Amino acid sequence: MGEPVRELTYFVAASTDGFIAGPSDEFDSFLVEGDHAAGIWHKYRGTAPTELAEAAGLAVDDGPFDTVLMGWNTYAVGLPALPSPYRHLRQIVFTREHEAPQGAEGVEFTDRDPVEVVRELKAEDGAGIWLCGGGGLAAVLADEIDRLALKLNPVLFGDGVRLFGDSPYRPTALRPLAITSYDSGVVLAEYTRG
């Protein structure tokens, strides 16, 4: 029997019509408060920026992930206030055009092939790997994603950043792991590869 392989989980908030952000990267229509918040945090502890979690009194240790991957646009949402948003995790940002901003200690910026990087990460010892966005990076990594965890919000965007960017038509079967509905209207839908 081989060594256990770390899994890549795409854990992200999405609108009911499949967008992870609006056309100008807006995400303020997603519900951050409600009965879903505690349950999802319990399962996916450590998936809030370190500073925000600390301010809310939420522990960030003992979560399912020790590494977070982001495209530049996802990373840049917190700039300039949070140049190292997930200090409690290994942070890797994929970009071909941008330099590390001031204060980005602990963040690895790379222009390497994301698939190559993920395969190397999966071969290392450690906890899970979290892909937190964006849609274009998710499209590139689609075949490497082992689990999909969607916080489906009861809102329609109509336009914006798609869950898997502008990927071509290519049906891929997923197997449901759990579907949890909350009174807030948020549904946590978790899948693994079929």
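Everything that follows concerns the structure shown earlier in this document.
Anyway, here's the lowdown on the structure attached to this text. (Residues numbered from 1 in each chain as written. Predicted model: local features only at pLDDT ≥ 70, side-chain atom pairs only at ≥ 80, totals over all residues. Heavy atoms only, no water.)

Considering the overall build of the chain
Working step 1: Helix and strand content of the chain: five helices and 10 strands.
Working step 2: For a compact globule of 194 residues, the expected C-alpha radius of gyration is about 16 Å, and the chain comes in at 16 Å, within 12% of that figure.
Working step 3: Seen along its three principal axes, the alpha-carbon backbone of the chain occupies a region of about 40 × 40 × 35 Å.
Working step 4: Expressed as a percentage of contacts within the chain between residues at least 6 apart in sequence, the contacts between residues at least 24 apart total 66%.
Working step 5: Averaged over its 15 positive side-chain charges, the chain has a centre that lies 6 Å from the centre of its 30 negative ones. (Helix = DSSP H or I, 4+ residues; strand = E, 2+ residues; numbered from the N terminus. Rg over C-alpha atoms; globule rule 2.2 N^0.38 Å. Contact = heavy atoms within 4.5 Å. Lys, Arg positive; Asp, Glu negative; His and termini not counted. Charge placed at Lys NZ, Arg CZ, Asp CG, Glu CD.)

Here's the deal with the side chain of Glu190
Working step 1: With respect to the helices and strands, Glu190 occurs in strand E10 (residues 187-193).
Working step 2: Within the structure, Glu190 has its side chain in polar contact with the side chain of Lys43 (distance 3.0 Å).
Working step 3: Reaching out from Glu190, the side chain makes a polar contact with the side chain of Tyr44 at a distance of 2.5 Å.
Working step 4: Beyond its immediate stretch of four places on either side in the chain, Glu190 contacts Lys43, Tyr44, Leu148, Ala149, Arg175, Pro176, Leu177, Ala178 and Ile179. (Polar contact = N/O pair within 3.5 Å; in protein donor to acceptor, adjacent residues only side chain to side chain.)

Points about helix H1 (residues 35-43)
Two residues of an α-helix separated by three or four positions point the same way, owing to the 3.6 residues in each turn.
Working step 1: For H1, the set of buried residues is His36, Ile40 and Trp41. Around the axis of H1, the buried residues are gathered within 120 degrees of arc, so they sit on the same side. For H1, exposure combined with an orientation more than 90 degrees from the buried face picks out Ala38 and His42.
Working step 2: Those residues of H1 that are buried are in contact with strand E1 (8-15), helix H2 (50-55), strand E7 (147-153) and E10. (Buried < 20%, exposed > 50% of the residue type's maximum accessible area, 1.4 Å probe, protein only. Arc of directions from axis to C-beta.)

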